[in-house]
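Residue-level structural notes
Letter by letter, the chains look like this.
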Amino acid sequence: MRDILAPESARWRAFTQVFAEVVESAGYGLIIPPMMEDLGVFTRLGDATDVVTKEMYDFVDKGERHVALRPEQTASVCRAFAQHRPVTPWKAWYSGPNFRYEKPQRGRYRQFDQVGVEVLGVDDPYLDVEVIALGWEFYRRLGLQQVTLLLNSLGEPDDRARYVEALRQHFDAAGDDLSEQSRRTLDKNPLRVLDSKRREDQPIVAAAPTIDQFWSDAAAEHFATVQSGLRELDIAFTVDMKLVRGLDYYRRTTFEFQGGTLDSAQNALGGGGRYDGLVEDLGGPATPGVGFALGVDRTLLACDDEGVFDAPDPAVDAFVVDTTGGAQALAITAALRQAGLRADRAYENRSMKAQMKAANRSGAAYAVIVGTDEVDNGTVAVRPLRGDGEQVTIARDSLITDLHTRLQGSNQ
Ligand code: HAM
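Not measured: the values here are computed from a predicted model. (Residues numbered from 1 in each chain as written. Predicted model: local features only at pLDDT ≥ 70, side-chain atom pairs only at ≥ 80, totals over all residues. Heavy atoms only, no water.)

1. Brief notes about the overall build of the chain
Across its full length, the chain holds 16 helices and 16 strands. Against the globule reference of 22 Å for 412 residues, the chain gives a C-alpha radius of gyration of 28 Å, more extended than a compact globule. For the chain, the proportion of contacts with a sequence separation of at least 24, taken over those separated by at least 6, is 70%. Carbon together with sulfur atoms contributes 47% to the accessible area of the chain, which is approximately 19800 Å² in total. Across the chain, the centroid of the 46 positively charged side chains sits 5 Å from that of the 62 negatively charged ones. (Helix = DSSP H or I, 4+ residues; strand = E, 2+ residues; numbered from the N terminus. Rg over C-alpha atoms; globule rule 2.2 N^0.38 Å. Contact = heavy atoms within 4.5 Å. Areas by Shrake-Rupley, 256 points an atom, 1.4 Å probe, with all protein chains shown as cover. Lys, Arg positive; Asp, Glu negative; His and termini not counted. Charge placed at Lys NZ, Arg CZ, Asp CG, Glu CD.)

Rendered as structure tokens:
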């Protein structure tokens, strides 16, 4: 778990802001679920996922309730849907931290932020396309160019069950040729064996049956429409029949956005899919659902690698230097801030030299300087701190207009 300090923290906020703009323009409303839920909400994610069995931060609270910090937010959104029964389609977006007791490394943390969307109540494959397109548009707005989209369909629940059984038989037949780790995974979730990165498993995984042989007509048709919709929007994708994803709730469409610059263990920038059935599991009516979540930490690492989406400039517009004791700086900064300018000042009545040093360090565009002469004459001195402009003395009354004009000029 890490501290995110300025200016990186401002970049995080800008990141969420861009996401909000993208998804709110498509009719999504913000949901702020609690960070902790009854443990049962998350155990619905499936007892075959590490997220639930090994990585949950759960504990018994003072009221003897067994609760857990959320490892993701899809389950919370579905729980909220079952509880509040909003009108469908219900389009929700979220941002915030999640907790998983994972082995920390670059791009993998125990507290990590996600932004995401979920839509409940609509079975239309064009909605899958909309959801994927929103993720794609978001990466485009960040400036990322090396993101690839992998797509798969896990079929209807029955198709998926038949496929899991066929995989179990296939991997069982491999016996000891399969790595010990994969044999253990096989006991819990044969689909996850497809994710094995172990060399000895590769030929066995390559020879495994593929999900398309098990798709029902309805699932195949749904998936075909998703693909044609993506083509219609010029969104490039690769169908990857081995894409199963880490959570158990997926049915039909699943997808993952991968970053081209990150190590393969952390290259999933985000992912999602359909999870028809989850709301029902959480005590609500049978309701289709689709969504995705993107990891903020990893996506920003990808931005670093591609040299895009820098932190916003944290510098103030004006830094007030007051050599008369500090009360002048108090009044001037207050007036500047009220006028919508970003202003900072020096404290503790330091020397002119020390205050100018602080002004330069602040990165401000201008120093506004007041000494006794300026106070007597009702003036202030304005000194450009970037570039090579000259210091000028102006009437104090015109400071705000003057700074606005200068800043507008420098922005053009
Ligand atoms: P997920 O694949 O578990 O899916 O997580 C989505 C993204 O969160 C990952 O692609 C990754 O970028 C980021 N992430 C996950 N774990 C960590 C970690 N320990 N450290 C840093 N980043 C991490 C879900 O969470 C689903 N709720 C997505 C979804 C929404 N499916 C349908 N709707």
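Further notes follow.
2. A few points about the UniProt feature "binding site: L-histidine" (unreviewed entry) in the chain
Feature annotation in UniProt places "binding site: L-histidine" (unreviewed entry) on Glu72, Gln73, Thr74, Arg100, Gln114, Glu118, Arg245, Tyr249 and Tyr250, given in this structure's numbering. Looking at where Arg100 falls in the secondary structure, it is placed in the loop between strand 5 (90-99) and strand 6 (111-120). Arg100 sits in the buried class, given a relative accessible area of 14%. Beyond its immediate sequence surroundings of up to four residues, Arg100 is in contact with Val51, Glu55, Tyr57, Pro71, Glu72, Tyr109, Arg110, Phe112 and Gln114. One can find Tyr250 in the loop between strand 8 (238-239) and strand 9 (251-259). (UniProt positions renumbered as here; feature names shortened; annotations may be inferred. Buried < 20%, exposed > 50% of the residue type's maximum accessible area, 1.4 Å probe, protein only.)

3. Section: the sheet that holds strand 13 (residues 343-345)
The 5 strands lie next to each other as 13-12-14-15-16, forming an open sheet whose pairing is mixed. The sheet terminates laterally at strand 13 and strand 16 (392-395), the two strands that pair on one side only. With strand direction ignored, the average angle separating the axes of adjacent strands in the sheet is 30°. (Pairing = 2+ DSSP bridges. Axes fitted to C-alpha atoms, helices over the stretch in contact; angles between N-to-C directions.)

4. Re the packing of helix 1 (residues 8-24) against helix 12 (residues 296-306)
Relative to each other, helix 1 and helix 12 sit at 105°, their axes nearing to 11 Å. When the axes of helix 1 and helix 12 are compared, the pair comes out roughly perpendicular. The segment helix 1 lies against helix 12, with Glu8, Arg11, Trp12 and Phe15 engaging Val296, Asp297, Thr299, Leu300, Cys303 and Asp304. (Parallel < 35°, antiparallel > 145°, perpendicular 65-115°, else oblique.)

5. Quick word on the nonpolar core
Judged by nonpolar contacts, the single largest core of 93 residues is most densely connected at Phe19, Tyr28, Val131, Phe171 and Leu230. Leaving out residues up to four positions away in the same chain, Tyr28 has contacts with Val23, Lys91, Ala92, Trp93, Val117, Glu118, Val119, Leu127, Glu130, Val131 and Leu134. If you look at the next biggest cluster of nonpolar residues, it comprises 17 residues, including Ala329, Leu336, Val370 and Val380. (Core = buried A, V, L, I, M, F, W, Y, C linked by side-chain atoms within 4.5 Å.)

6. Re the site of the ligand
The full set close to the ligand counts 27 residues, and Glu72, Thr74, Glu102, Arg245 and Tyr250 are the nearest of them. With respect to the ligand, the side chain of Arg100 contributes an N or O atom lying 2.9 Å from an oxygen atom. Contact distances for the ligand include 3.1 Å between an oxygen atom and a side-chain N or O atom of Gln114. Bound to the protein, the ligand loses 96% of the 660 Å² it would expose on its own. When residues of the shell around the ligand are traced back to their parent elements, those giving at least two are strand 6, strand 10 (268-274) and strand 11 (289-295). Sort the elements by how many residues they give to the shell around the ligand and strand 10 lands first, with 6 residues. Each residue belonging to the shell around the ligand can be placed in one class, and the counts come to 11 nonpolar, 9 polar and 7 charged. (Near = heavy atom within 4 Å. Polar contact = N/O pair within 3.5 Å; in protein donor to acceptor, adjacent residues only side chain to side chain. Nonpolar A, V, L, I, M, F, W, Y, C, P; charged D, E, K, R; others polar.)

7. What about the side chain of Asn189?
Take Asn189: it is sitting in the loop between helix 7 (180-188) and helix 8 (190-193). Judged by its relative accessible area of 8%, Asn189 falls in the buried class. Engagement of the side chain of Asn189 in a polar contact is seen with the side chain of Asp248, the distance being 3.2 Å. With residues near it in sequence (within four places) discarded, Asn189 still touches Ala48 and Asp248.

8. Some words on the sheet that holds strand 6
The 8 strands are arranged 1-5-6-11-10-9-7-8 in an open sheet whose pairing can be described as mixed. Each edge of the sheet is formed by a strand with only one pairing partner; in this case those strands are strand 1 (29-30) and strand 8. The pairing of strand 1 with strand 5 spans 2 bridges and is parallel. Among the inter-strand pairings, Leu30 is bridged to a residue of strand 5, identified as Trp93. Along the sheet, helix 5 (residues 125-142) contacts strand 5, strand 6, strand 7 (147-153), strand 9, strand 10 and strand 11; its crossing angle with strand 11, the most-contacted strand, is approximately 15°.

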